[in-house]
Each structure stands twice: as C-alpha cells, then as structure tokens.
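Here is what each chain is made of, one letter per residue.
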Amino acid sequence: MLQNMIKHNYEEIRKRISEYVDPNAISIIAVTKYQTVEAANEAIACGITEIGENKVQQLCERDKLLLPAKRHLIGHLQTNKVKQAVSVADLIQSVDSERVAVEISKQAGKINKIQEVLIEVNIAAEETKTGATLDEFKNIIQTCGSLPNILVKGLMAVMPISADEFHFEHMYNLFCETADMKYTNTQIQTLSMGMSNDYLTAVKHGSNMIRVGRSLFL
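What comes next is a walk through the structure. (Residues numbered from 1 in each chain as written. Predicted model: local features only at pLDDT ≥ 70, side-chain atom pairs only at ≥ 80, totals over all residues. Heavy atoms only, no water.)

### Observations regarding the layout of surface pockets
Unfilled space is identified by rolling a water-sized probe across the atoms. Here the largest pocket is characterised by a volume of approximately 750 Å³. Sorting the residues of the lining of the largest pocket by element identifies helix 3 (56-62) and strand 8 (209-212) as the ones contributing at least two each. Residue composition of the lining of the largest pocket, grouped by class: 10 nonpolar, 10 polar and 7 charged. (1 Å grid on protein atoms, 1.4 Å probe; cavity = no way out; pocket = protein on both sides within 12 Å on 5 of 7 lines; lining within 4 Å. Points joined across faces, edges and corners; volume = space filled by probe spheres on them. Helix = DSSP H or I, 4+ residues; strand = E, 2+ residues; numbered from the N terminus. Nonpolar A, V, L, I, M, F, W, Y, C, P; charged D, E, K, R; others polar.)

### Description of the environment of G206
Examined against the element boundaries, G206 turns out to sit in the loop between helix 8 (199-204) and strand 8. The residues contacting G206, other than those within four sequence positions of it, are Y172 and L191. (Contact = heavy atoms within 4.5 Å.)

### A word on helix 2 (residues 37-45)
Among the residues of helix 2, those classed as buried are A39, A40, N41, E42, A43 and I44. Against helix 1 (2-17), strand 2 (50-53) and helix 9 (214-217) lie the buried residues of helix 2. Directly after helix 2, the chain includes G47, whose backbone phi takes a positive value near 120°. (Buried < 20%, exposed > 50% of the residue type's maximum accessible area, 1.4 Å probe, protein only.)

### Thoughts on the packing of aromatic side chains
Summed over all chains, the structure comprises 1 aromatic pair. Residues Y172 and F175 carry aromatic rings whose centres are separated by 6.3 Å and whose planes lie at 35° to one another, so their mutual orientation is tilted. With Y172 and F175 both in helix 7 (residues 165-181) and 3 residues apart, the pair spans about one turn of that helix. The class of Y172 is partly exposed, set by a relative accessible area of 32%. On the accessibility criterion, F175 (9% relative accessible area) is buried. (Phe/Tyr/Trp six-rings, centres within 6.5 Å; stacked < 30°, edge-to-face > 60°.)

Given below as structure tokens:
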C-alpha cells in the first residue's frame, strides 16, 4: 500500500535524523514534483505538514486538490510567474534576485499579503545552478528591507552532488551571520538545506529544514 510505504519512509527519515538532533526540530518538506496528487495527499495523511513544488503552474493546479498543508515553492521563480506564486505559496524558497523580490512585494501588496520567502544562495558558485552569489545575496536582503510586503524567513541552498562538507559549514555560517545582522523585514529562522541524497549531512551542519522526494516516495 502506498500509504504504508510513505509512512515507513517518513519514520525512517525521522529515525536517521534523530541520530544527530531531535527530529521534531526539523521541518521535513515532501517534494511532490514527480508525484501524483494521491501520493502527495497520502504523505500529508501520514503526518507531513509541508509540501514543496518546483513549478508554479503545478503548485497552482494542485492547490485545491491537496489536503491542508503548508505550500512551498522550491523551484526557480521567474518574474512573470510571481503573481501566480504569491496567490498560493505560503513560503517561496527561491528568491535569487532583487528583481524577483521587488515583484513579489508588489504582487503581495495587491492582495494585502506579507509574503514569506527564503533567499536562495548558490553557495558553491556552480554555473549550472540558480541562486544568488554572495554579493548578490547581500544586495537582495538589503533591498528586501525597503519592501513593504515581503518577509525574509531565512536562507535556502541546493548543494553540489557529493558536496564537500565545507559548503554546508559555509552555508550555516552565512545563516548565523545573517541572523545576527538583524536586517529590516527579516526573521531569520529557517535554513533550508539538504535533499534526499544529503539531508543527514545538512542536518549535522545546522539545517532545520530538508526537502525530500525520492527518499520519501520510493
């Protein structure tokens, strides 16, 4: 049964996390990019309280079909898709430019919403990945300080495959430094770092939110 498999996998993920930290301190995002609505709802029924979609269109199409759970947009966001994203996303994890941040605040203002976001950082400076460079990150978070309808809740990163632990440490240090700076329009509480292949390394290095698809559904 699908539900039994997902429940088993969910419990196994929490068990593995417990070797490092209290699993209740870690937000586990079910990435439903390749899953049916049925599978996503089974995950929610098993105790998952947050789901993540990569594409805005899919997030919008599924919104009314999914059981109650916090909706995350975790994929790259283009400015022409911001209006749709803001209409359904509880948390947008992929803010990687000042332009996108400005548009998010603009569209959120139209519906009287304070949109919660994470700033995505390309911590390993990979040319094939989206995410802000360290210099761009500083500009983005400073720009957000002047935007009335956006609230930066933390940082997000997609680590290189077989990443050196240095990158995880570097990301955690950036997270801590950013929280200490107390920028305007920020409540730096979330470090979204770690996926199915590396979530234990991420948790070990301070992540408090992981994004898992394969390890939960397969």
